[in-house]
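A structural walkthrough
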Amino acid sequence: MKNRIAIIGFGTVGQGLAEILLSKKEFLQKKYNYTFEVVAISDFAYGNVYNSKGLDLEDCIKVAKSKKKFSKDITKWDTTSLIRKCNADVVCELTYTDLTTGGPAINHCKVALETGKSVVTSNKGPAALYYSKLKKIADKNDVDFKIEGTVVAGTPIINLTEGPLAGCEISKIRGILNGTTNYMLSEMEKGMDYNAVLKVAQDLGYAEADPTGDVEGYDARGKVVILANVVMGAKLEIKDVECQGITKITSKDIEKAKKENSRWKLIGSVEKTKDGNVIGSVAPEMISLSHPLAGVMGATNALTFTTDLLGDVTIVGPGAGRQQTGFAILTDLLSINKKNK
Ligand code: HSE
(Lines give C-alpha, C1' and ligand atoms only; values in the text may rest on other atoms or scores of the structure.)
Protein backbone atom coordinates (compact mmCIF):
# COMPACT_ATOMS: atom_id res chain seq x y z
CA MET A 1 0.00 0.00 0.00
CA LYS A 2 1.16 3.52 -0.72
CA ASN A 3 2.71 5.38 2.20
CA ARG A 4 0.68 8.57 2.71
CA ILE A 5 2.84 11.48 3.83
CA ALA A 6 2.03 14.89 5.34
CA ILE A 7 4.79 17.52 5.23
CA ILE A 8 4.53 20.19 7.92
CA GLY A 9 6.93 23.01 7.07
CA PHE A 10 7.86 23.35 3.40
CA GLY A 11 11.14 25.24 3.72
CA THR A 12 14.65 24.04 2.95
CA VAL A 13 14.24 20.52 4.35
CA GLY A 14 10.61 20.02 3.26
CA GLN A 15 11.41 20.98 -0.31
CA GLY A 16 14.63 18.95 -0.19
CA LEU A 17 12.63 15.89 0.83
CA ALA A 18 10.00 16.51 -1.87
CA GLU A 19 12.69 16.80 -4.55
CA ILE A 20 14.31 13.54 -3.45
CA LEU A 21 10.96 11.72 -3.36
CA LEU A 22 10.20 12.85 -6.91
CA SER A 23 13.64 12.21 -8.38
CA LYS A 24 13.96 8.77 -6.75
CA LYS A 25 10.37 7.62 -7.19
CA GLU A 26 11.17 4.70 -9.52
CA PHE A 27 14.32 3.68 -7.65
CA LEU A 28 12.47 3.60 -4.32
CA GLN A 29 9.74 1.44 -5.81
CA LYS A 30 12.11 -0.96 -7.56
CA LYS A 31 14.68 -1.34 -4.79
CA TYR A 32 12.54 -1.07 -1.64
CA ASN A 33 9.01 -1.60 -2.94
CA TYR A 34 8.33 1.84 -1.45
CA THR A 35 5.50 3.80 -3.02
CA PHE A 36 4.10 7.01 -1.63
CA GLU A 37 1.75 9.95 -2.03
CA VAL A 38 2.20 13.30 -0.34
CA VAL A 39 -1.38 14.03 0.75
CA ALA A 40 -0.89 17.20 2.82
CA ILE A 41 1.51 20.13 3.05
CA SER A 42 1.33 22.94 5.56
CA ASP A 43 3.52 26.00 5.44
CA PHE A 44 2.99 29.43 6.95
CA ALA A 45 4.30 31.13 3.79
CA TYR A 46 2.65 29.03 1.05
CA GLY A 47 -0.56 27.87 2.79
CA ASN A 48 -2.18 24.54 3.64
CA VAL A 49 -3.11 22.00 0.98
CA TYR A 50 -4.73 18.57 1.19
CA ASN A 51 -5.79 15.89 -1.25
CA SER A 52 -6.53 12.48 0.26
CA LYS A 53 -5.44 10.82 -3.02
CA GLY A 54 -2.21 12.77 -3.37
CA LEU A 55 -1.09 16.33 -4.18
CA ASP A 56 0.67 17.45 -7.33
CA LEU A 57 4.08 17.54 -5.61
CA GLU A 58 5.95 18.92 -8.60
CA ASP A 59 3.60 21.87 -8.72
CA CYS A 60 3.95 22.44 -4.95
CA ILE A 61 7.74 22.67 -5.31
CA LYS A 62 7.39 25.06 -8.24
CA VAL A 63 5.06 27.33 -6.25
CA ALA A 64 7.34 27.33 -3.21
CA LYS A 65 10.42 28.08 -5.33
CA SER A 66 8.69 31.05 -6.92
CA LYS A 67 7.66 32.24 -3.41
CA LYS A 68 3.96 32.28 -4.37
CA LYS A 69 0.99 30.81 -2.48
CA PHE A 70 -0.44 27.37 -3.20
CA SER A 71 -3.54 27.63 -5.41
CA LYS A 72 -4.65 23.97 -5.90
CA ASP A 73 -6.15 21.65 -3.25
CA ILE A 74 -6.35 24.42 -0.66
CA THR A 75 -7.87 23.42 2.68
CA LYS A 76 -9.43 25.67 5.31
CA TRP A 77 -8.08 23.44 8.09
CA ASP A 78 -5.37 25.03 10.19
CA THR A 79 -2.16 23.05 10.65
CA THR A 80 -3.30 21.18 13.76
CA SER A 81 -6.66 20.22 12.22
CA LEU A 82 -4.88 19.16 9.04
CA ILE A 83 -2.55 16.88 11.00
CA ARG A 84 -5.47 15.47 12.99
CA LYS A 85 -7.93 14.97 10.12
CA CYS A 86 -5.76 14.08 7.12
CA ASN A 87 -5.35 10.46 6.05
CA ALA A 88 -1.53 10.46 6.29
CA ASP A 89 0.26 7.45 7.76
CA VAL A 90 3.28 9.55 8.62
CA VAL A 91 3.79 13.22 9.41
CA CYS A 92 7.14 14.82 8.57
CA GLU A 93 7.55 17.67 11.06
CA LEU A 94 9.96 20.06 9.33
CA THR A 95 9.14 23.47 10.76
CA TYR A 96 11.78 25.78 12.27
CA THR A 97 13.61 24.69 15.41
CA ASP A 98 12.82 26.46 18.69
CA LEU A 99 15.07 25.10 21.42
CA THR A 100 13.49 27.25 24.13
CA THR A 101 9.83 26.24 24.01
CA GLY A 102 9.85 23.69 21.21
CA GLY A 103 7.49 26.00 19.28
CA PRO A 104 4.43 24.70 17.42
CA ALA A 105 6.40 21.57 16.48
CA ILE A 106 5.72 19.98 19.88
CA ASN A 107 1.99 20.17 19.35
CA HIS A 108 2.29 19.00 15.73
CA CYS A 109 4.16 15.88 16.86
CA LYS A 110 1.79 15.22 19.77
CA VAL A 111 -1.37 15.51 17.65
CA ALA A 112 0.08 13.31 14.93
CA LEU A 113 1.14 10.57 17.35
CA GLU A 114 -2.13 10.72 19.29
CA THR A 115 -4.10 10.26 16.08
CA GLY A 116 -2.10 7.16 15.17
CA LYS A 117 0.35 8.71 12.69
CA SER A 118 4.09 8.11 12.86
CA VAL A 119 6.30 11.20 13.07
CA VAL A 120 9.63 11.73 11.31
CA THR A 121 11.43 14.94 12.16
CA SER A 122 14.63 16.91 11.73
CA ASN A 123 13.33 19.47 14.23
CA LYS A 124 15.59 19.55 17.28
CA GLY A 125 12.97 21.22 19.51
CA PRO A 126 10.73 18.18 20.08
CA ALA A 127 13.74 15.82 20.20
CA ALA A 128 15.82 17.86 22.66
CA LEU A 129 12.99 19.01 24.93
CA TYR A 130 10.33 16.28 24.87
CA TYR A 131 11.82 13.10 23.39
CA SER A 132 10.79 10.70 26.15
CA LYS A 133 7.25 12.12 26.44
CA LEU A 134 6.67 11.94 22.69
CA LYS A 135 8.22 8.47 22.44
CA LYS A 136 5.81 7.27 25.14
CA ILE A 137 2.82 8.62 23.16
CA ALA A 138 4.21 6.93 20.04
CA ASP A 139 4.61 3.59 21.84
CA LYS A 140 1.12 3.84 23.33
CA ASN A 141 -0.36 4.38 19.86
CA ASP A 142 1.86 1.76 18.22
CA VAL A 143 3.49 4.23 15.83
CA ASP A 144 7.05 5.52 15.34
CA PHE A 145 8.79 8.71 16.44
CA LYS A 146 11.99 8.94 14.34
CA ILE A 147 14.58 11.69 14.70
CA GLU A 148 17.64 10.78 12.59
CA GLY A 149 17.62 14.21 10.92
CA THR A 150 18.01 16.08 14.20
CA VAL A 151 21.71 15.21 14.59
CA VAL A 152 24.26 15.58 11.73
CA ALA A 153 21.62 15.70 8.96
CA GLY A 154 21.41 12.41 7.04
CA THR A 155 24.75 11.07 8.25
CA PRO A 156 23.62 8.06 10.32
CA ILE A 157 23.99 8.77 14.02
CA ILE A 158 20.84 7.78 15.93
CA ASN A 159 20.18 4.87 13.55
CA LEU A 160 23.85 3.84 13.77
CA THR A 161 23.68 3.54 17.55
CA GLU A 162 20.31 1.74 17.45
CA GLY A 163 21.27 -0.54 14.55
CA PRO A 164 24.87 -1.49 13.75
CA LEU A 165 26.23 -0.44 17.18
CA ALA A 166 23.44 -2.13 19.17
CA GLY A 167 25.04 -4.29 21.88
CA CYS A 168 27.93 -1.88 22.46
CA GLU A 169 27.88 0.37 25.49
CA ILE A 170 28.77 3.89 24.52
CA SER A 171 30.65 5.86 27.16
CA LYS A 172 31.59 8.98 25.22
CA ILE A 173 30.51 10.83 22.08
CA ARG A 174 32.61 13.75 20.93
CA GLY A 175 32.98 15.76 17.78
CA ILE A 176 31.86 18.47 15.40
CA LEU A 177 28.09 18.82 15.59
CA ASN A 178 27.34 22.03 13.73
CA GLY A 179 27.86 22.49 10.00
CA THR A 180 27.43 26.26 9.92
CA THR A 181 30.17 27.03 12.44
CA ASN A 182 32.55 24.45 10.98
CA TYR A 183 32.01 25.99 7.55
CA MET A 184 32.53 29.48 8.99
CA LEU A 185 35.71 28.55 10.84
CA SER A 186 37.07 26.86 7.69
CA GLU A 187 36.39 29.93 5.53
CA MET A 188 37.62 32.39 8.17
CA GLU A 189 40.92 30.53 8.15
CA LYS A 190 41.16 31.40 4.44
CA GLY A 191 40.67 35.06 5.33
CA MET A 192 36.91 35.52 4.82
CA ASP A 193 35.09 37.97 7.07
CA TYR A 194 32.77 36.60 9.84
CA ASN A 195 29.57 38.32 8.64
CA ALA A 196 30.18 37.59 4.96
CA VAL A 197 30.78 33.91 5.62
CA LEU A 198 27.70 33.67 7.88
CA LYS A 199 25.61 35.06 5.01
CA VAL A 200 27.00 32.39 2.64
CA ALA A 201 26.21 29.67 5.22
CA GLN A 202 22.61 30.95 5.35
CA ASP A 203 22.33 31.03 1.54
CA LEU A 204 23.61 27.45 1.36
CA GLY A 205 20.84 26.34 3.75
CA TYR A 206 23.24 25.31 6.55
CA ALA A 207 22.25 27.89 9.16
CA GLU A 208 19.12 27.83 11.30
CA ALA A 209 16.30 30.34 10.57
CA ASP A 210 17.88 32.38 13.38
CA PRO A 211 21.64 31.77 13.00
CA THR A 212 22.28 32.92 16.59
CA GLY A 213 21.55 29.29 17.46
CA ASP A 214 24.48 28.14 15.34
CA VAL A 215 27.13 30.70 16.24
CA GLU A 216 26.37 30.75 19.98
CA GLY A 217 26.55 26.92 20.10
CA TYR A 218 22.87 26.44 21.01
CA ASP A 219 22.26 24.18 17.99
CA ALA A 220 25.19 21.93 18.97
CA ARG A 221 23.97 22.01 22.59
CA GLY A 222 20.52 20.77 21.46
CA LYS A 223 22.24 17.87 19.68
CA VAL A 224 24.34 17.10 22.77
CA VAL A 225 21.12 16.83 24.79
CA ILE A 226 19.54 14.54 22.17
CA LEU A 227 22.62 12.28 22.11
CA ALA A 228 22.79 12.16 25.91
CA ASN A 229 19.11 11.28 26.31
CA VAL A 230 18.42 9.13 23.27
CA VAL A 231 21.73 7.30 22.94
CA MET A 232 22.90 7.21 26.57
CA GLY A 233 19.52 7.12 28.32
CA ALA A 234 20.26 10.25 30.38
CA LYS A 235 17.76 12.88 31.46
CA LEU A 236 19.69 16.02 30.58
CA GLU A 237 18.00 19.34 30.04
CA ILE A 238 19.37 22.16 27.89
CA LYS A 239 20.35 24.14 31.01
CA ASP A 240 22.54 21.25 32.23
CA VAL A 241 24.95 21.62 29.29
CA GLU A 242 27.71 24.24 29.45
CA CYS A 243 27.82 26.09 26.17
CA GLN A 244 30.10 28.52 24.40
CA GLY A 245 29.90 29.34 20.68
CA ILE A 246 32.33 30.81 18.16
CA THR A 247 31.32 34.48 18.41
CA LYS A 248 34.35 35.39 20.49
CA ILE A 249 36.87 33.84 18.09
CA THR A 250 38.79 36.64 16.41
CA SER A 251 41.13 36.67 13.43
CA LYS A 252 43.94 36.95 16.00
CA ASP A 253 42.84 33.65 17.57
CA ILE A 254 42.81 32.03 14.14
CA GLU A 255 46.34 33.30 13.43
CA LYS A 256 47.51 32.07 16.84
CA ALA A 257 46.14 28.58 16.08
CA LYS A 258 47.90 28.55 12.69
CA LYS A 259 51.22 29.42 14.33
CA GLU A 260 50.74 26.55 16.76
CA ASN A 261 49.92 24.04 13.98
CA SER A 262 46.31 23.88 15.19
CA ARG A 263 42.87 25.04 14.15
CA TRP A 264 39.66 25.95 15.96
CA LYS A 265 36.74 23.54 16.05
CA LEU A 266 33.46 23.83 17.94
CA ILE A 267 33.37 20.58 19.89
CA GLY A 268 30.28 18.97 21.39
CA SER A 269 30.79 16.26 23.94
CA VAL A 270 28.73 13.80 25.97
CA GLU A 271 30.41 11.59 28.53
CA LYS A 272 29.43 9.02 31.14
CA THR A 273 31.24 9.71 34.41
CA LYS A 274 32.49 6.96 36.73
CA ASP A 275 29.47 7.41 38.98
CA GLY A 276 27.15 6.77 36.03
CA ASN A 277 26.06 10.38 35.41
CA VAL A 278 26.11 11.83 31.93
CA ILE A 279 27.61 15.28 31.33
CA GLY A 280 27.54 17.36 28.17
CA SER A 281 29.37 20.44 26.91
CA VAL A 282 29.89 22.61 23.85
CA ALA A 283 32.98 24.81 23.43
CA PRO A 284 35.53 25.89 20.83
CA GLU A 285 38.81 24.03 21.11
CA MET A 286 42.16 24.52 19.44
CA ILE A 287 42.86 21.12 17.88
CA SER A 288 46.30 20.00 16.71
CA LEU A 289 46.50 19.56 12.92
CA SER A 290 47.55 15.95 13.47
CA HIS A 291 44.22 15.18 15.22
CA PRO A 292 41.63 13.44 12.95
CA LEU A 293 38.97 16.10 13.69
CA ALA A 294 41.27 18.87 12.43
CA GLY A 295 40.89 17.63 8.85
CA VAL A 296 37.08 17.86 8.92
CA MET A 297 36.32 21.06 7.02
CA GLY A 298 33.32 22.96 5.64
CA ALA A 299 29.80 21.92 6.62
CA THR A 300 31.03 18.38 7.29
CA ASN A 301 30.51 17.00 10.80
CA ALA A 302 32.31 14.15 12.57
CA LEU A 303 31.55 12.18 15.71
CA THR A 304 33.63 9.65 17.58
CA PHE A 305 31.77 7.07 19.69
CA THR A 306 33.83 5.46 22.44
CA THR A 307 32.44 1.95 22.89
CA ASP A 308 33.25 -1.02 25.13
CA LEU A 309 33.39 -3.68 22.41
CA LEU A 310 34.83 -1.80 19.43
CA GLY A 311 36.86 0.99 20.99
CA ASP A 312 36.51 4.23 19.05
CA VAL A 313 34.23 4.39 16.03
CA THR A 314 34.23 7.61 14.02
CA ILE A 315 31.70 8.70 11.44
CA VAL A 316 32.26 11.68 9.16
CA GLY A 317 29.61 13.15 6.90
CA PRO A 318 27.48 16.13 5.92
CA GLY A 319 25.92 17.86 8.92
CA ALA A 320 23.55 20.27 7.20
CA GLY A 321 21.96 21.13 3.89
CA ARG A 322 18.79 20.78 1.86
CA GLN A 323 19.38 17.38 0.27
CA GLN A 324 21.47 16.04 3.15
CA THR A 325 18.70 16.65 5.70
CA GLY A 326 15.97 15.67 3.22
CA PHE A 327 17.76 12.34 2.97
CA ALA A 328 17.58 11.90 6.78
CA ILE A 329 13.80 12.09 6.51
CA LEU A 330 13.77 9.61 3.63
CA THR A 331 15.88 7.11 5.54
CA ASP A 332 13.43 7.19 8.48
CA LEU A 333 10.45 6.87 6.11
CA LEU A 334 12.06 3.79 4.55
CA SER A 335 12.84 2.23 7.91
CA ILE A 336 9.23 2.66 9.13
CA ASN A 337 8.01 1.20 5.87
CA LYS A 338 10.35 -1.81 6.16
CA LYS A 339 9.26 -2.46 9.74
CA ASN A 340 5.57 -2.33 8.83
CA LYS A 341 5.88 -4.69 5.85
N1 HSE B 1 22.14 24.69 11.45
C2 HSE B 1 22.52 23.33 11.60
C3 HSE B 1 23.99 23.17 11.29
C4 HSE B 1 21.69 22.51 10.68
O5 HSE B 1 24.59 24.11 10.77
O6 HSE B 1 24.58 22.13 11.60
C7 HSE B 1 21.65 21.06 11.03
O8 HSE B 1 21.19 20.85 12.32
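Along each chain, numbering runs from 1 in the same order as the chain's sequence is written. In keeping with the model being predicted, local features are shown solely for residues with a pLDDT of at least 70 and side-chain atom pairs are shown and tallied solely at 80 or more, while totals for entire chains, interfaces and linings include all residues. Side-chain figures throughout are based on the complete set of non-hydrogen atoms in the structure, without hydrogens or water.

Turning our attention to the overall build of the chain. Counting its regular elements, the chain contains 13 helices and 12 strands. Atoms considered for the radius of gyration are the C-alpha atoms alone. The globule rule reads 2.2 Å times the number of residues to the power 0.38. In terms of C-alpha radius of gyration, the chain reaches 20 Å, essentially the compact-globule figure of 20 Å for 341 residues. Along the first, second and third principal axes, the C-alpha set of the chain runs to 60 × 45 × 40 Å. Contacts were defined at the residue level, with two residues in contact if any of their heavy atoms lie within 4.5 Å. Across the chain, every contact between residues at least 6 apart in sequence was considered, and the portion connecting residues at least 24 apart equals 71%. In the form shown here, the chain has an accessible surface area of approximately 15,800 Å², with 50% of it arising from carbon and sulfur atoms. Only four residue types enter the tally: Lys and Arg on the positive side, Asp and Glu on the negative side, with His and both chain ends excluded. Just so you know, the charge point we use is NZ for Lys, CZ for Arg, CG for Asp and CD for Glu. In the chain, the 45 positive side-chain charges and the 40 negative ones have mean positions that sit 4 Å from each other. The helix count covers DSSP runs of H or I at least four residues long, the strand count covers runs of E at least two residues long, and both are numbered beginning at the N terminus. Using the Shrake-Rupley algorithm and a 1.4 Å probe, accessible areas are obtained, with residue cover drawn only from the displayed protein chains.

Okay, the sheet that holds strand β6 (residues 145-146) next. Read across the open sheet, the 6 strands follow the order β3-β2-β1-β4-β5-β6; overall the sheet is mixed. Edge positions in the sheet fall to β3 (47-50) and β6, since each of these pairs with one other strand and no more. When DSSP finds two or more bridges between two strands, those strands count as paired.

The next point concerns the environment of V152. Tracing the backbone shows V152 in the loop between β6 and α7 (158-162). Separated by 41 residues in sequence, V152 and V111 place their C-alpha atoms 26 Å apart.

This paragraph deals with the packing of aromatic side chains. Each aromatic pair joins two rings of Phe, Tyr and Trp (for Trp, the six-membered one) with centres within 6.5 Å, and gets the label stacked for planes under 30 degrees apart, edge-to-face for over 60, and tilted for any other angle. Inspection of the entire model under this criterion finds 7 aromatic pairs. When the centroid spacing of 6.2 Å and the interplanar angle of 55° are considered together, the rings of F10 and F70 count as tilted. Taken together, the residues span a long stretch of sequence, with F10 in the loop between β1 (3-8) and α1 (12-23) and F70 in the loop between α3 (57-65) and α4 (79-85) at a distance of 60 residues. Like F10, the residue F70 is buried in the burial classification. Pairwise contacts between aromatic rings join F10, Y46 and F70 into one cluster. Criterion for a charge above a ring: Arg CZ or Lys NZ at most 6 Å from the ring centre, at most 35 degrees from the ring normal. The residue whose ring lies beneath K24 is F27, and the NZ or CZ to ring-centre distance is 4.6 Å. Lying over the aromatic face of F36, K25 brings its terminal NZ or CZ to 5.5 Å of the ring centre. Note on classification: 1.4 Å probe, protein chains only; a residue is buried when its accessible area is under 20% of the maximum for its type, exposed when over 50%, partly exposed between these limits.

Nonpolar cores were defined as sets of buried Ala, Val, Leu, Ile, Met, Phe, Trp, Tyr and Cys residues, with membership established by side-chain atoms within 4.5 Å. By size, the foremost hydrophobic cluster in this structure holds 70 residues, and its most contacted members are F145, L227, L303 and F305. It is helix α11 (residues 218-231) that contributes the most residues to this core, 8 residues altogether. Reported domain spans reflect what an automatic or database domain assignment gives. Two domains each donate at least three residues to this core, and these are domain 1 (3-153 + 322-339) and domain 2 (161-318). Ignoring anything within four residues of it in the chain, the contact list for F305 reads I157, L160, T161, L165, I170, K172, I173, G311, D312, V313 and I315.

Let's shift gears to the layout of surface pockets. Volume-wise, the largest pocket comes out at about 1,000 Å³. G11, T12, V13, L94 and Y96 are, among the 49 residues lining the largest pocket, the residues nearest its centre. Counting residues per element, the ones that place at least two in the lining of the largest pocket are α1, β2 (36-43), α3, α5 (104-114), α8 (179-189), α11 and α13 (322-340). Looking at the lining of the largest pocket element by element, the count peaks at 4 residues for α1. For the lining of the largest pocket, a count of residues per class yields 18 nonpolar, 22 polar and 9 charged. Taken domain by domain, the lining of the largest pocket gets at least three of its residues from each of domain 1 (3-153 + 322-339) and domain 2 (161-318). Of the volumes computed, that of the second largest pocket is approximately 400 Å³. Whether a set of points on the 1 Å grid over the protein atoms alone is a cavity depends on a 1.4 Å probe fitting there but being unable to get out, while an open set qualifies as a pocket with protein on both sides within 12 Å along at least five of seven lines; lining residues are those with an atom within 4 Å of a point. Surrounding the second largest pocket, 16 residues form its lining, L129, S132, N229, K235 and L236 being those nearest its centre. Elements with a contribution of two residues or more to the lining of the second largest pocket: α6 (124-140) and α11. Grid points are joined across faces, edges and corners, and a volume is the space filled by probe spheres set on the points. Gly is placed with the polar residues, together with every amino acid not listed as nonpolar (Ala, Val, Leu, Ile, Met, Phe, Trp, Tyr, Cys and Pro) or charged (Asp, Glu, Lys and Arg).

You can read the domains of the chain as domain 1 (3-153 + 322-339) and domain 2 (161-318). Summarising the inter-unit geometry, the C-alpha centres of domain 1 and domain 2 are found 27 Å apart. Opposite the 15 residues of domain 1 that make contact, domain 2 presents 18 residues. Note: buried area is the sum, over both parts, of the accessible area (probe 1.4 Å) each one loses when the two are combined. Where domain 1 abuts domain 2, roughly 1,200 Å² becomes buried across the two surfaces, and 72% of that area is made up of carbon and sulfur atoms. Its largest share of buried area at the contact with domain 2, domain 1 owes to K124, V151 and V152, together 40% of the area lost on that side. The salt bridge criterion pairs a side-chain nitrogen of Lys or Arg with a carboxyl oxygen of Asp or Glu, the two atoms within 4 Å. Seen at the junction of domain 1 and domain 2, the total is 2 salt bridges. Linking K124 and D219 is a salt bridge whose minimum nitrogen-to-oxygen distance equals 2.9 Å. We define a polar contact as two N or O atoms separated by no more than 3.5 Å, with the added condition that, inside protein, one atom must be a possible hydrogen donor and the other a possible acceptor, whereas residues neighbouring each other in sequence contribute only through side-chain atom pairs. Counting the contacts that link domain 1 with domain 2 gives 2 residue pairs in polar contact (both at pLDDT 80 or more).

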